[in-house]
Amino acid sequence: MRHGYGLESPASRSQVVVSTLFTGVIRRTENPGSQIVSEQSHRLDVAATEPEPDGSMLPFERPAPAPAPGQAPGQAPAPTAELGPTGRPMPVLPEPTPLSVHGGARVVSMCNQKGGVGKTTTTINLGASLAEYGRKVLLVDFDPQGSLSVGLGLNPHEMDLTIYNLLLQADVTLDDVVVPSGVPGMDLLPSNIDLSAAEVQLVNEVAREQTLQRVLAPALADYDVILIDCQPSLGLLTVNALTASDGVIVPLECEYFALRGVALLKTTIDKVRERLNPRLEIEGVLGTMFDGRTLHGREVMERLVQAWGDTVFHTVIRRTVKFSDSTVAGEPITTYASSSAGADAYRQLAKEVLSRWPDA
Ligand code: ADP
Ligand code: MG
């Protein structure tokens, strides 16, 4: 690993990070008559010394694979297949089997507190690809910026009801809020800027971290997959998404500083697993905006695989302007440019994701 390359920071440098997790404990303020407690007093503030990833403390780290039978230690395994873009042999991904019955949805969050890493693009296009493979898919726009809804052609000013109403109004049901996404087999729970108020309002709810899980419960029987597009923060909305999920996919831009902040994301996932949702798993790390033509792109990819081993998906999403074009068109790349490399990459991701799920 060369120095000054960007993914590393000096090992001595550490940062005090205050990670905020929301607990169900309500503490009163000094004033005994007051029902109003500050938002801060609802939080369990965990001060942690969180070193920036530097090679000594890498989240999701995997031990080096054991040598294959007949292979001398330290020697590269005999290539069994063509090398994929991650530098590992590309496995043959099974064709997804058609489903005759639907339901028992697996819930997966796209999560990274960094913006612009491909969370929304992955939610739309992985969802559309899973729908092409016959899965019934529900997308949940859980970002007040509403990019997922806009990316599927909705006008944020013309939404009657959004996920905000579902979260905070007892008389609003899931069926009132779900809209078709324009892709057969895929529906959407839309959002707009109203959702930004939910973060504050939820603080006063009972079991506030479980609110999304509770409102999504009726959808589990109807869908095969529910994908939640998280906002770029680790606040209460994201904690709700993680609490409602079986798995997390972490999209990471294959760029300088890609690993920055991922240690904190890993800590948050671990705390949610310990305190709120023991079934939460990391499904995989997805390299996005990859440019295999540059040495830099290949080096970043090598570093990701060194750090996280098989947690990194074999599928990699390359950088192409077609993604922004399809957002402007308000549809997934799988329909906007159906035979493009970008569309094929997300179809391959869908196959890889399904191959990792126990009963998909
Ligand atoms: P996030 O949801 O993490 O903020 P987005 O999915 O909205 O990230 O992506 C940020 C921007 O990058 C969008 O304009 C999107 O069109 C573009 N983008 C996403 N993936 C790619 C890619 N593989 N190649 C080029 N541009 C991309
Ligand atoms: Mg987004």
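Summarised in this report is the structure supplied together with it. (Residues numbered from 1 in each chain as written. Chains lettered and ligands numbered in written order. Predicted model: local features only at pLDDT ≥ 70, side-chain atom pairs only at ≥ 80, totals over all residues. Heavy atoms only, no water.)

### Points about the site of ligand 1
Applicable threshold: Note on definitions. A residue lies near a molecule or strand when any single heavy atom of the residue is within 4 Å of it. Whenever two N or O atoms come within 3.5 Å, that pair is a polar contact, provided that in protein one can donate a hydrogen and the other can accept it, and provided that, for residues adjacent in sequence, both atoms are side-chain atoms. For the area figures, the Shrake-Rupley method with a 1.4 Å probe applies, and any residue is considered shielded solely by the protein chains shown. Put simply, the grid is 1 Å and covers the protein atoms alone, a cavity is a trapped set of points that fit a 1.4 Å probe, a pocket is an open set with protein on both sides within 12 Å along at least five of seven lines, and lining residues have an atom within 4 Å of a point. More than half of a molecule's atoms lying within 2 Å of a cavity's or pocket's grid points is what places that molecule inside it. Numbering of helices and strands starts at the N terminus; helices are DSSP runs of H or I of at least 4 residues and strands are runs of E of at least 2.
Near ligand 1 lie 15 residues; those nearest to it are G116, K119, T120, T121 and R318. Backbone polar atom of R318 to a nitrogen atom of ligand 1: 2.9 Å apart, as the coordinates give it. A distance of 3.0 Å is found between a nitrogen atom of ligand 1 and a backbone nitrogen or oxygen belonging to T320. About the coverage of ligand 1: the protein hides 78% of its 560 Å² of free accessible area. If you map ligand 1 onto the pockets, it falls in the second largest pocket. Among the secondary structure elements, those contributing two or more residues to the shell around ligand 1 are helix 1 (119–132) and helix 10 (322–329).

### Some thoughts on the packing of aromatic side chains
Rules: Two rings from Phe, Tyr or Trp (for Trp, the six-membered ring) form a pair when their centres are within 6.5 Å of each other. A pair whose planes differ by under 30 degrees is stacked, one over 60 is edge-to-face, and the rest are tilted. Whether a charge sits over a ring depends on NZ of Lys or CZ of Arg being within 6 Å of the ring centre and within 35 degrees of the ring normal.
For the structure shown, the criterion picks out 1 aromatic pair. The ring of Y223 carries the charged tip of K136 above its face, separated from the ring centre by 5.1 Å.

### What to know about the environment of A258
Put simply, the rule is: A simple rule labels every residue: compare its accessible area, found with a 1.4 Å probe on the protein chains alone, to the largest value its type can have, and call it buried under 20%, exposed over 50%, or partly exposed in between.
In this structure, A258 sits in the loop between strand 8 (247–253) and helix 8 (262–275). The buried category is assigned to A258, whose relative accessible area is 5%. For the pair A258 and L304, spaced 46 residues apart in the sequence, the C-alpha separation amounts to 9.0 Å.

### Considering the packing of helix 7 (residues 236–244) against helix 8
The axes of two packed helices give the description: the angle between them and the distance between them. Let me state the cut-off plainly: Every axis corresponds to a line fitted to the C-alpha atoms, with the helix fit spanning only the stretch in contact, and the corresponding angles, defined between N-to-C directions, vary from 0 to 180 degrees. Throughout, the term roughly parallel applies to angles under 35 degrees, roughly antiparallel to angles over 145, roughly perpendicular to angles from 65 to 115, and oblique to all others. For any pair of crossing helices, the crossing counts as left-handed if the nearer helix is rotated counterclockwise from the farther one by less than a right angle, and right-handed if it is rotated clockwise. Here a residue-residue contact requires only that any non-hydrogen atoms of the pair lie within 4.5 Å.
Here helix 7 crosses helix 8 at 55°, and the two axes come no closer than 10 Å. By the criterion of interaxial angle, the relationship of helix 7 to helix 8 is oblique. Crossing of helix 7 against helix 8: the hand is right-handed. Contact residues: helix 7 offers V239, L242 and T243, while helix 8 offers T268, I269 and V272.

### A look at the pairing of strand 6 (residues 186–189)
Which entries qualify depends on this criterion: When DSSP locates at least two bridges between a pair of strands, those strands are taken to pair.
The alternating pattern of strand 6 places M186 and L188 on one face and D187 and L189 on the opposite face, and all of these are buried. Here strand 4 (residues 137–142) runs beside strand 6; their pairing, made up of 4 bridges, is parallel. Directly across from L138, in strand 6, lies its bridge partner D187. Of the pairings in the sheet, the one linking strand 5 (residues 179–180) to strand 6 comprises 2 bridges and is antiparallel in character. Bridging across to strand 6, V179 finds its partner in L188. Between strand 5 and the antiparallel strand that follows it, strand 6, lie 5 residues; G182 among them carries a positive phi value of about 95°.

### Overview of the sheet that holds strand 8
If you trace the 7 strands from one edge of the open sheet to the other, you get 5-6-4-7-3-8-9, paired in mixed fashion. Sheet topology places strand 5 and strand 9 (281–288) at the edges, where each strand pairs with a single neighbour. Note that strand 3 (residues 106–110) and strand 7 (residues 225–230) share 5 bridges and pair parallel. Bridging across to strand 7, S109 finds its partner in I228.

### Digging into the layout of surface pockets
Formally: Grid points are joined across faces, edges and corners, and a volume is the space filled by probe spheres set on the points.
Considering only enclosed or pocket space, the second largest pocket measures out at about 500 Å³ in volume. Contributing to the lining of the second largest pocket are 29 residues, with G118, K119, T120, T121 and M289 lying nearest its centre. For the lining of the second largest pocket, the elements supplying multiple residues, two or more each, are helix 1 and helix 10. With 5 residues, helix 1 is the largest single contributor of residues to the lining of the second largest pocket.

### Focus on the packing of helix 1 against helix 12 (residues 341–356)
Here is the rule: Lys, Arg, Asp and Glu make up the charged group, whereas Ala, Val, Leu, Ile, Met, Phe, Trp, Tyr, Cys and Pro make up the nonpolar group; the residues left over, Gly among them, are polar.
With their axes 8 Å apart at the nearest point, helix 1 and helix 12 run at an angle of 75° to one another. Here helix 12 runs roughly perpendicular to helix 1, going by the angle between their axes. Facing helix 1, whose interface residues are T121, T122, N125, L126, S129, L130 and E132, helix 12 presents Y346, R347, L349, A350, V353 and L354. Its residues assigned to classes, the contact of helix 1 with helix 12 shows 7 nonpolar, 4 polar and 2 charged.

### A closer look at the pattern of salt bridges
Selection rule: Basic side-chain nitrogens of Lys or Arg form a salt bridge, by our definition, when they fall within 4 Å of a carboxyl oxygen of Asp or Glu.
A complete count under the given rule lists 14 salt bridges for this structure. Ionic pairing is found between K114 and E253, a salt bridge with its closest N-O pair at 3.7 Å. Highlighted residues: K114 in the loop between strand 3 and helix 1 and E253 in strand 8, separated in sequence by 139 residues. Residue class for E253 comes out buried when judged on its relative accessible area of 16%. When the shortest N-O distance is used, the salt bridge between D270 and R273 registers 2.9 Å. Taken together, the residues D270 and R273, both in helix 8 and 3 residues apart, mark about one turn of the helix. You can call R273 partly exposed: its relative accessible area is 27%. What you see here is one network of salt bridges that share partners, running through R106, E281 and E283.

### Structural notes on a negative patch on the surface
Put simply, the rule reads: Each patch is assembled from residues with relative accessible area greater than 30% and no salt bridge, linking like charges that lie within 9 Å and nonpolar side chains (Val, Leu, Ile, Met, Phe, Trp, Tyr) that lie within 5 Å. Neither His nor the chain ends is counted toward charge; the positive residues are Lys and Arg and the negative residues Asp and Glu. The atom standing in for a charge is NZ when the residue is Lys, CZ when it is Arg, CG when it is Asp and CD when it is Glu.
A contiguous patch of negative charge, built from D171, D175, D176 and D222, is present on the exposed surface. In this structure, D175 sits in helix 4 (residues 174–177).

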